[in-house]
Amino acid sequence: MPLDWVPAADRLDLLAEPVAKAVASAQEAKVAEIDPELADTAAFCERYGVAMEDSANCVIVAGKRGGETRYAAVMVLATDRADVNGVIRRHLDARKASFAPQADAVEMTGMEYGGITPIGLPPEWPVLVDENVTRRPFVVIGSGVRRSKLGLSGEALVAATGAEVLALTM
């Protein structure tokens, strides 16, 4: 089933509130409505014919040091695995790093689990994008909700979020 991509600014109803407020920074972003039961990457890619290497996942990482917790959004292609305990932990200057608990990630982002995206995150959170994502001319990411996906180039994603580009995968 093909996706019906439209400019994201034309369908703010398909975006989580913080994403809708921030999407102007990603002017080339397109949005497509999907079955929310198929929001998880593998099911989405299979059903909608999107290659896994054209899909990127956003994970919220919690880095801890000295009783302080710092959060960051990490974007990697669906085919890759983020090096949370190596490069990401060191980059956050944390003693320990792990995926943020689901309930915390949902509450702090104002987005649905399985739809979290770096567009519209709290401004103090760093956004780290793996260099492989930036090479994609069109990459599918979350929209803040499970019933749609955003699509844009990897370069536009970096520009829209002020992300740092690093080698983040194992």
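Residues numbered from 1 in each chain as written. Predicted model: local features only at pLDDT ≥ 70, side-chain atom pairs only at ≥ 80, totals over all residues. Heavy atoms only, no water.

This brings us to the pattern of salt bridges. Considering all chains together, one arrives at six salt bridges under this definition. With its nearest N and O atoms 2.7 Å apart, the salt bridge here joins arginine 11 to aspartate 13. A residue is classified by how much of its surface remains accessible, and arginine 11, at 29% relative accessible area, is partly exposed. A relative accessible area of 44% means that aspartate 13 is categorised as partly exposed. Note that glutamate 17 and lysine 21 form a salt bridge whose closest N and O atoms lie 3.0 Å from each other. Within this pair, glutamate 17 and its partner lysine 21 are both found in helix 1 (residues 17-22), separated by four residues, close to a single helical turn. An identical accessibility class is assigned to glutamate 17 and lysine 21; each is exposed. (Salt bridge = Lys/Arg side-chain N within 4 Å of Asp/Glu carboxyl O. Buried < 20%, exposed > 50% of the residue type's maximum accessible area, 1.4 Å probe, protein only. Helix = DSSP H or I, 4+ residues; strand = E, 2+ residues; numbered from the N terminus.)

As a further point, take the sheet that holds strand 9 (residues 164-166). What the five strands build is an open sheet, ordered 5-3-4-6-9; its pairing is mixed. Whereas interior strands pair on both sides, the edge strands pair on one side only; in this sheet they are strand 5 (96-99) and strand 9. On average, each strand axis in the sheet is inclined to that of its neighbour by 30°, with strand direction left out of account. Of the pairings in the sheet, the one linking strand 6 (residues 127-130) to strand 9 comprises three bridges and is parallel in character. Across the sheet, residue valine 129 finds its bridge partner in strand 9, namely valine 165. (Pairing = 2+ DSSP bridges. Axes fitted to C-alpha atoms, helices over the stretch in contact; angles between N-to-C directions.)

Bringing the sheet that holds strand 1 (residues 6-7) into the picture now. Sheets are built from strands that pair by backbone hydrogen bonding, the pairs being arranged parallel or antiparallel. Sheet architecture is open: four strands sit in the order 1-2-8-7, paired in antiparallel fashion. Looking at which strands have only one partner, the edges of the open sheet turn out to be strand 1 and strand 7 (139-142). Across four bridges, strand 2 (residues 30-33) lies against strand 8 (residues 148-152) in antiparallel orientation. For glutamate 33, the partnering residue across the bridge sits in strand 8 and is serine 148.

What follows covers the nonpolar core. Among the nonpolar cores identified, the biggest contains 37 residues, and Ile60, Ile119, Val129, Ile141, Leu150 and Leu157 are the most heavily contacted of them. Once you skip the residues sitting within four places of it in the chain, leucine 157 turns out to touch Met75, Pro118, Ile119, Val129, Val133, Ile141 and Leu152. Grouped together as the second largest cluster of nonpolar side chains are 12 residues, Val61, Val74, Val76 and Leu168 included. (Core = buried A, V, L, I, M, F, W, Y, C linked by side-chain atoms within 4.5 Å. Contact = heavy atoms within 4.5 Å.)

With that settled, consider helix 2 (residues 41-48). Of the residues making up helix 2, those classed as buried are Thr41, Phe44, Cys45 and Tyr48. Along helix 2, the residues classed as buried sweep out an arc of 95° about the axis, all on the same side. Facing away from the buried side of helix 2, by more than 90 degrees, are the exposed residues Ala42 and Glu46. In this structure, the buried residues of helix 2 make contact with strand 3 (56-65), strand 7 and strand 8. Directly after helix 2, the chain includes glycine 49, whose backbone phi takes a positive value near 70°. (Arc of directions from axis to C-beta.)

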